[in-house]
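# Coordinate inspection notes
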Amino acid sequence: MTILECKNLTKEYLSGENVVKAVDDVSVSFEQGEFCAVTGPSGSGKSTLLHVLSSLEHPTSGEIIYGGKSLSSYSDNQLSILRRRRFGFVFQAYNLVQELTGYENILLPVMLDRKKADEKYLQKLIDMLEIEDRLSHLPSAMSGGQQQRIAIARALANKPAILFADEPTGNLDARSGREVLRLLRDVNRELGVTLILVTHDQSVAEQSGRILRIVDGKIAALH
């Protein structure tokens, strides 16, 4: 079942006096529970596509449909709620709050949504991501791989339908990168979360179920 799709999606930026099409007339759909890797050369528009698909940025033109409803019909506040409740985000830079412990960082989305934490579910995430011994530590006392695991748990805390991951292994050494990728694949498989992952690393992309290759803002290949 299709969970997310875009039709004729375009995102333009002004660069000096020139208009740059970072995303150029892209139409693609994503199925519930799939793992799709978005790849392409540096500057090809893959991260911009992820940001627009997830409503972190507004498209210049075109349509994005989530769960059968066009995101153009959402107000900014409704989009914010959608991102908080239905979308999870993992970034290359981790983006943890430095003053909070690992567990407090994980709880942050739940607290922002003013919901009661599902302790059983959170414990499942903690066990799955093997971070029990990092929960009381501040990010400064964690390795990059440990911080990224905390970031993944935070992204999943509100039980999102889609997890958007932008170069999640980019700042990690090879071993930590492999571990984080394995965990993301486990999350996709065991929790049924749709995973859309941007990577420039072909070996990472090849572990997905489908590869979407972007070149100059356009779909160059989909397989």
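Since this is a predicted model, take the numbers as computed values, not measurements.

Here Ile 214 is to be found in strand E9 (residues 210–215). Since its relative accessible area comes to 1%, Ile 214 is described here as buried. When the C-alpha atoms of Ile 214 and Lys 46 are compared, they prove to be 6.1 Å apart, with 168 residues separating the residues in sequence.

Quick look at the pattern of salt bridges now. On inspection of all chains with the given rule, the structure shows 14 salt bridges. Note that Asp 113 is salt-bridged to Arg 85, the shortest N-O span being 3.0 Å. Linking Asp 113 in the loop between helix H3 (102–112) and helix H4 (119–129) with Arg 85 in helix H2 (residues 76–86), this pair joins segments that are 28 residues apart in sequence. We classify Asp 113 as buried; its relative accessible area is 7%. For Arg 85, a relative accessible area of 39% translates into the label partly exposed. Measuring nitrogen to oxygen at the nearest pair gives 4.0 Å for the salt bridge that ties Arg 182 to Glu 130. Here Arg 182 is found in helix H6 (residues 174–191), whereas its partner Glu 130 is found in the loop between H4 and helix H5 (144–156), with 52 residues between them in sequence. The structure contains a network of salt bridges with shared partners spanning Glu 130, Arg 149, Arg 175, Glu 179, Arg 182, Asp 186 and Arg 189.

Taken as a whole, this structure holds zero disulfides when the rule is applied. Cys 6 forms no disulfide, and the closest cysteine sulfur to it belongs to Cys 36, at a distance of 11 Å. Accessibility expressed as a relative area gives 0% for Cys 36, which makes it buried.

Turning our eyes to something else, we now look at the packing of aromatic side chains. A full pass over the atoms with the stated rule returns four aromatic pairs. Between the aromatic rings of Phe 89 and Phe 91, the centroid separation amounts to 6.1 Å while the plane-to-plane angle is 0 degrees, which identifies the pairing as stacked. Judged by relative accessible area, Phe 89 falls into the buried class, the value being 15%. On the basis of relative accessibility, which here comes to 22%, the residue Phe 91 falls in the partly exposed class. Measuring from centroid to centroid gives 5.7 Å for Phe 89 and Phe 164, while their planes differ by 20 degrees, and the two rings are stacked. Of this pair, Phe 89 sits in strand E6 (residues 87–91) while Phe 164 sits in strand E7 (residues 162–166), and the two are 75 residues apart along the sequence. Judged by its relative accessible area of 1%, Phe 164 is buried.

Right, let's talk about the side chain of Asp 24 for a bit. You can see Asp 24 is positioned in strand E2 (residues 18–31). Those residues in contact with Asp 24 that lie beyond four places of it in its chain are Leu 9, Thr 10, Asp 216, Gly 217 and Lys 218.

Listing the buried residues of H3 in full gives Gly 102, Asn 105, Ile 106, Leu 107, Pro 109 and Val 110. Contact partners of the buried residues in H3: H2, H4 and H5. Backbone geometry just after H3 places Arg 114 at a positive phi near 55 degrees.

To continue, consider the pairing of strand E10 (residues 218–222). Here E9 runs beside E10; their pairing, made up of four bridges, is antiparallel. Its bridge partner being in E10, Val 215 is matched across the sheet by Lys 218. The antiparallel hairpin formed by E9 and E10 contains two residues in its connecting segment, where Asp 216 sits at a positive phi of about 50 degrees.

What follows is about the packing of H4 against H6. Relative orientation of the contacting elements H4 and H6 amounts to 140 degrees, with a least axis distance of 10 Å. In terms of orientation, H4 and H6 fall into the oblique class. Every pair of crossing elements has a handedness; the one defined by H4 and H6 is right-handed. Contact residues: Tyr 121, Lys 124, Leu 125, Met 128 and Leu 129 in H4; Leu 183, Asp 186, Val 187, Glu 190 and Leu 191 in H6. A breakdown of the residues in the contact of H4 with H6 according to their chemical character gives seven nonpolar, no polar and three charged.

Rules used in this analysis
Residues numbered from 1 in each chain as written. Predicted model: local features only at pLDDT ≥ 70, side-chain atom pairs only at ≥ 80, totals over all residues. Heavy atoms only, no water. Helix = DSSP H or I, 4+ residues; strand = E, 2+ residues; numbered from the N terminus. Buried < 20%, exposed > 50% of the residue type's maximum accessible area, 1.4 Å probe, protein only. Salt bridge = Lys/Arg side-chain N within 4 Å of Asp/Glu carboxyl O. Disulfide = S-S within 2.5 Å. Phe/Tyr/Trp six-rings, centres within 6.5 Å; stacked < 30°, edge-to-face > 60°. Contact = heavy atoms within 4.5 Å. Pairing = 2+ DSSP bridges. Axes fitted to C-alpha atoms, helices over the stretch in contact; angles between N-to-C directions. Parallel < 35°, antiparallel > 145°, perpendicular 65-115°, else oblique. Left-handed = near helix turned anticlockwise from the far one by under 90°. Nonpolar A, V, L, I, M, F, W, Y, C, P; charged D, E, K, R; others polar.

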